[in-house]
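For reference, the chains in residue letters:
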Amino acid sequence: MSEKVDAIVVGLGASGAILAEQLAGAGLHVVGLDKGPHFTGHDFRFKHDELRYFTRQALSPHMGTDPMTWRSSDREQAAVLPWAVGAQAMGPLFLPPSSGSGGGTVHWAAWSWRFRPAEFQMRTAIAERFGESAIPEDSTLVDWPIGYDDLEPYYDRVEWQQGVSGQAGNVNGELQPGGNPFEAPRRRDYPMPPLRQGAASERFAEACRALGYHPFPAPAGIASEDFEGRSACVYCGFCRDFPCHVNAKTSTHVTSLPRALASGNFEIRPYARVFRVNRDPSGRATGVAYFDADGTERELEAGVIVLGCYALENARLLLVSGINENGQVGRHFMTHNYGWFTGTLPEWTNPFMGPAVACNVMDDITSELVPDNDEGVLWGSPIIGFAGDVQPIEATLNMPEDAPTWGQGFKDWLRENYRRTFSMYSQTPTFPSSHFYCDLDPTVTDRFGQPALRITHGWVEHDVKAVTLIQKLKRSIAEEMGMQRIWEAPLEPPYHLSTHEVGTHRMGEDPRASVVDHFGQCHECPGLYALGGGQFPTYGSYNPTETIMALAYRTADHILESAGASSSLATAKSG
Amino acid sequence: MISDELVFFNESEARTVDAVAARIIPGDDADPGAREAGAVVYIDRALAGAYGDFEKLYRRGLWELDHYCRTKHGGPFVELDEEHQDEVLSHIDAATESQLPTQLQIGAGERQAVDLGPGVLAEFFAAVRQHTIEGTFCDPAYGGNRDAVGWRLLGFPGAQWGYSAEQMRLGFDATTIPVSTLKELRGERRSDGDR
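All figures in this text were calculated on a predicted structure; none of them were measured in a lab. The residue count restarts for each chain, going from 1 along the sequence in the order it is written. Throughout, the order in which chains and ligands are written sets their labels, letters from A for the former and numbers from 1 for the latter. Totals for whole chains, interfaces and linings use all residues, but because this is a predicted model, local features are given only for residues with pLDDT of at least 70 and pairs of side-chain atoms are given and counted only at 80 or more.

Novice: Could you give me a rundown of the pairing of strand β15 (residues 383–386) of chain A, with the residues and numbers involved?
Specialist: All names here are of chain A. Neither face of β15 is exposed, since Ile 383 and Gly 385 on one face and Ile 384 and Phe 386 on the opposite face are all buried. Between any two strands, at least two bridges found by DSSP are needed for them to pair. Secondary structure counts use DSSP, requiring at least four H or I residues in a row for a helix and at least two E residues in a row for a strand, with both numbered from the N terminus. Looking at chain direction, strand β14 (residues 360–362) and β15 are connected through two bridges and run antiparallel. When the sheet's bridge partners are listed, Met 362 is paired in β15 with Ile 383. Of the strand pairs in this sheet, β15 and strand β16 (residues 421–425) are connected by three bridges, and their pairing is antiparallel. Looking at the pairing, Phe 386 lines up with Ser 423 of β16. To assign burial, the other C-beta atoms lying within 10 Å of each residue's own C-beta are counted, with C-beta atoms placed from the backbone; 20 or more indicates buried, 12 or fewer indicates exposed, and intermediate counts indicate partly exposed.

Novice: Any details on the interface of chain B and chain A? Residues and values, ideally.
Specialist: Reports often express the size of an interface as the amount of accessible area lost when the parts come together. Contacts here follow a simple rule: the backbone-placed C-beta atoms of the two residues must lie within 7 Å. Contacts between the two partners involve 39 residues from chain B, matched on the other side by 37 residues from chain A. Of the residues that constitute the side of chain B that touches chain A, the class distribution is 24 nonpolar, seven polar and eight charged. When residues are sorted by character, Ala, Val, Leu, Ile, Met, Phe, Trp, Tyr, Cys and Pro go into the nonpolar class, Asp, Glu, Lys and Arg into the charged class, and all the rest, Gly among them, into the polar class.

Novice: So what's going on with the sheet that holds strand β20 (residues 485–488) of chain A? Which residues, and what values?
Specialist: All names here are of chain A. The strand order across the open sheet built from six strands is β7-β14-β15-β16-β13-β20, with neighbouring strands paired in antiparallel fashion. Of all the strands in the sheet, the pair left with one neighbour each is β7 (215–217) and β20. Ignoring strand direction, the axes of neighbouring strands in this sheet form an average angle of 25°. Here an axis means a line fitted to C-alpha atoms, over the contact stretch when the element is a helix, while the angle between two N-to-C directions is reported on a 0 to 180 degree scale.

Novice: Give me the lowdown on the domain arrangement of chain B, citing residues and values where you can.
Specialist: Residues and elements named next belong to chain B. According to the domain assignment, chain B contains domain 1 (2–148) and domain 2 (155–195). Each partner contributes residues to the interface: domain 1 has four residues there, and domain 2 has six residues. Its residues assigned to classes, the side of domain 1 that touches domain 2 shows three nonpolar, no polar and one charged. For the purposes of this description, domain bounds are those given by an automatic or database domain assignment.

Novice: Just give me the short version of the environment of Ala 285 of chain A, but keep the residues and values in it.
Specialist: Residues and elements named next belong to chain A. Residue placement: Ala 285 occurs in strand β10 (residues 285–291). Owing to 26 C-beta atoms within 10 Å, Ala 285 belongs among the buried residues under this scheme. For the pair formed by Ala 285 and Cys 522, sequence separation is 237 residues and the distance between their alpha carbons is 9.6 Å. In contact with Ala 285, not counting residues within four places along its chain, are Val 277, Arg 279, Ile 305, Cys 525, Pro 526, Gly 527 and Leu 528.

Novice: Run through the confidence of the model for chain B, naming residues and quoting values.
Specialist: Summing up the model confidence of chain B, the mean pLDDT is 87 and the portion of residues at 70 or higher is 84%. In the model output, the complex is listed with pTM 0.95 alongside ipTM 0.94. A residue's pLDDT is the predictor's confidence in that residue, given on a scale from 0 to 100.

Novice: Can you break down helix α11 (residues 461–481) of chain A residue by residue, with the values?
Specialist: Residue and element names in this part refer to chain A. A rise of 1.5 Å per residue sets the reference length of α11, with its 21 residues, at 30 Å; its end C-alpha atoms lie 30 Å apart and thus fit the reference within 8%. Residues His 462, Asp 463, Ala 466, Val 467, Leu 469, Ile 470, Gln 471, Leu 473, Lys 474, Ile 477, Ala 478 and Met 481 constitute the buried set of α11. Immediately beyond the C-terminal end of α11, within one or two residues, lies Gly 482, with a positive phi of roughly 80°. What a helix is expected to span follows from its residue count: subtract one and scale by 1.5 Å.

Novice: Residue-level account of the packing of helix α4 (residues 55–73) of chain B against helix α6 (residues 120–137) of chain B, with values.
Specialist: All names here are of chain B. Orientation of α4 relative to α6, taken along the N-to-C sense of each, is 115°, at an axis distance of 9 Å. Relative to α6, the element α4 is oriented roughly perpendicular. Regarding α4 and α6, the two cross each other, and that crossing is left-handed. On α6, the residues that touch Leu 57, Arg 60, Gly 61, Glu 64, Leu 65 and Tyr 68 of α4 are Val 120, Leu 121, Glu 123, Phe 124 and Ala 127. Of the residues belonging to the contact of α4 with α6, the class tally is seven nonpolar, one polar and three charged. What sets the label is the angle itself: under 35 degrees gives roughly parallel, over 145 gives roughly antiparallel, 65 to 115 gives roughly perpendicular, and the rest give oblique. Working rule for handedness: look at the near helix, and if it is turned counterclockwise from the far one by less than a right angle, call the crossing left-handed; if clockwise, right-handed.

Novice: Residues and numbers for the environment of Ser 99 of chain A, please.
Specialist: All names here are of chain A. With respect to the helices and strands, the residue Ser 99 is situated in the loop between β4 (79–80) and α3 (104–107). Residues Ser 99 and Ile 384, spaced 285 residues apart in sequence, show a C-alpha to C-alpha distance of 27 Å. Filtering out sequence-adjacent residues up to four positions away, Ser 99 remains in contact with Asp 34, Lys 35, Gly 36, Ser 60 and Pro 61.

Novice: Explain the nonpolar core to me, and be specific about the residues and the numbers.
Specialist: Grouped together as the largest cluster of nonpolar side chains are 220 residues, with contacts concentrated most on Ile 8, Ala 20 and Val 306 of chain A. Two domains share this core, each providing at least three of its residues, namely domain 1 (2–148) and domain 2 (155–195) of chain B. Once you skip the residues sitting within four places of it in the chain, Ala 20 of chain A turns out to touch Val 9, Leu 12, Val 30, Gly 32, Ser 256, Leu 257, Ala 260 and Phe 266 of chain A. By our criterion, buried Ala, Val, Leu, Ile, Met, Phe, Trp, Tyr and Cys residues that link up through C-beta atoms within 7 Å make up a nonpolar core.

Novice: Describe the pairing of strand β9 (residues 273–279) of chain A, naming the residues involved and giving the relevant values.
Specialist: Residues and elements named next belong to chain A. Pairing of β9 with β10, which is carried by six bridges, proceeds in the antiparallel orientation. Counterpart to Val 274 in the pairing with β10 is Tyr 290. Between β9 and β10, which follow one another and run antiparallel, lie five residues, and Gly 283 among them has a positive phi close to 100°.

So this is what it looks like as structure tokens:
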């Protein structure tokens, strides 16, 4: 006999924790299942350990327990690859998703962006400017089923309820001094001012201004002042890839989960590994099957089931549950190419101080604002300064190609240059393509005998052209900044997985051509919601998390409104 | 000195790894490198624990390295002078860059072929290099970076609770900040705050 609750949330990261908070807060009895541990802020009080959190990625599951395979095209044999740490640094699977309470919001660098209005209409925007013929043949570019205006109220909720620091650029159509003049209208300012900026941030901003651009401090999911019981950032510099030791970072294990637990209607079951979504003969989702912390098989029933396990595991769970009638699950895999660009300044920049996100950025050539160009680049990107978060071991992974890799020259290079480096990056999105997708690996299984997820992704011509164009602009900024020496990542970088993967359970109106509707509910399986970056029909040039969170708030509202209408969902008392 | 603390290597293996590490980040008492940081102690502990997967690569790589050195230079790696040690490592490193060849043609005149195994030496050197870097720049809690010499070499202040606005100014000399380790940070902060 299985146990029954109102709602099950699988995965307690960016979207799952928000669903848990919203549903439990409204009186539903919610159980959260996460395959990782249950973390609280206390667990990370002494997290200043590069080896543990960067090199060895302590927050991520091991490939031995959670294998995943990769190949660059379907002409190749996919293989399990180690997470890119240690001797395998900067390999194809550069940064794996985290597990445990908070999920990716524990390790994220906290660039907290809204997508631009044009990014919800990417196909239309490109076709109107460059013509339909400019769209690559294999592309599955579409417009989103919702627009910026649908999400604006939810972006606002993310910023005010989760906590985002920043400088508004456009409040209700009025441009704000010091903000991003290209920003879409927002209903109000951020709840907190921008973070104190990293040492070289102002130098970067000056260079941008001298070139006629409009830099502004990046919006950050980090408290710049004390915020709702959380401490302000103390600028330790162990931030991206690290948990926060003072709960300044907006991680859902310190935002939504404590509030969900305080409702009295929410229970967390850590180390619970969901392996199947159960359905009734009509196709409706009825619950999940999981292995508990002892490895015992359990079943749990609910009227609402939310998968918030990241684009990759969400797709895998749908596939192993046989939810893929139209063949769309796992298609349209998208990611970012970062165009890493590093140089040295004459002064000490101390790249280990403060978070990377505490830096200026410029949006002049982003997305649909991409300048006219001969290269055929259809979509731009912000140019983002990277001010902090670089500890010594990581620094050895980012050196000029001709710098010595060992010996006295290596030692001298590090001593002379590490403390003078400054980086910039961009994030040009890949276009969804019929060539790139995830499916179940035909041979590799996990320790429970379930198929591993197989990623098929390679870089294509447009990816290379887009980075080529933007690197030119970074070079002009570097020159203006007075950088002495610069070096750039390969145009086709070695990584294919960097916790920016999206698109694998596309949302759309047409049940034949998408997996979920615009509230994240599976077309084929009522009662089942698949949330996260997997919903994105196309990819913006921005970090995905704030949009993931905004979509989660919107889905929570929808579920509660539907529940209110039918009044049959809640078994627990409100309050 | 090294042998008092070993949990994975035997003494001879430890001496070889220490000698390789000392060429990857060279140093002496006045200007410490990987040897002075105790990188080999870090590697030894890592292989007995978190990096158990590397056990075979190290055991085989160490054997291959000495076999290669004996064939080419007439003695094991630790008995070569620094110049010859660097020559050996450069040779192996070049193999890394040319995509792990299975066999290298070495030796003048007769073009004697020495089997390097299927890229084992190259893979081994890449691993020792990475682990030497870790053992030099990790927190001292892991057995390497003794007295934080690796951090001092770079001017990195280590595990700091946070930085002030003054310290975050462009051009600030971070070597003026006393270096702190995780152990020191715990000692200072354990009692305060929310505990």
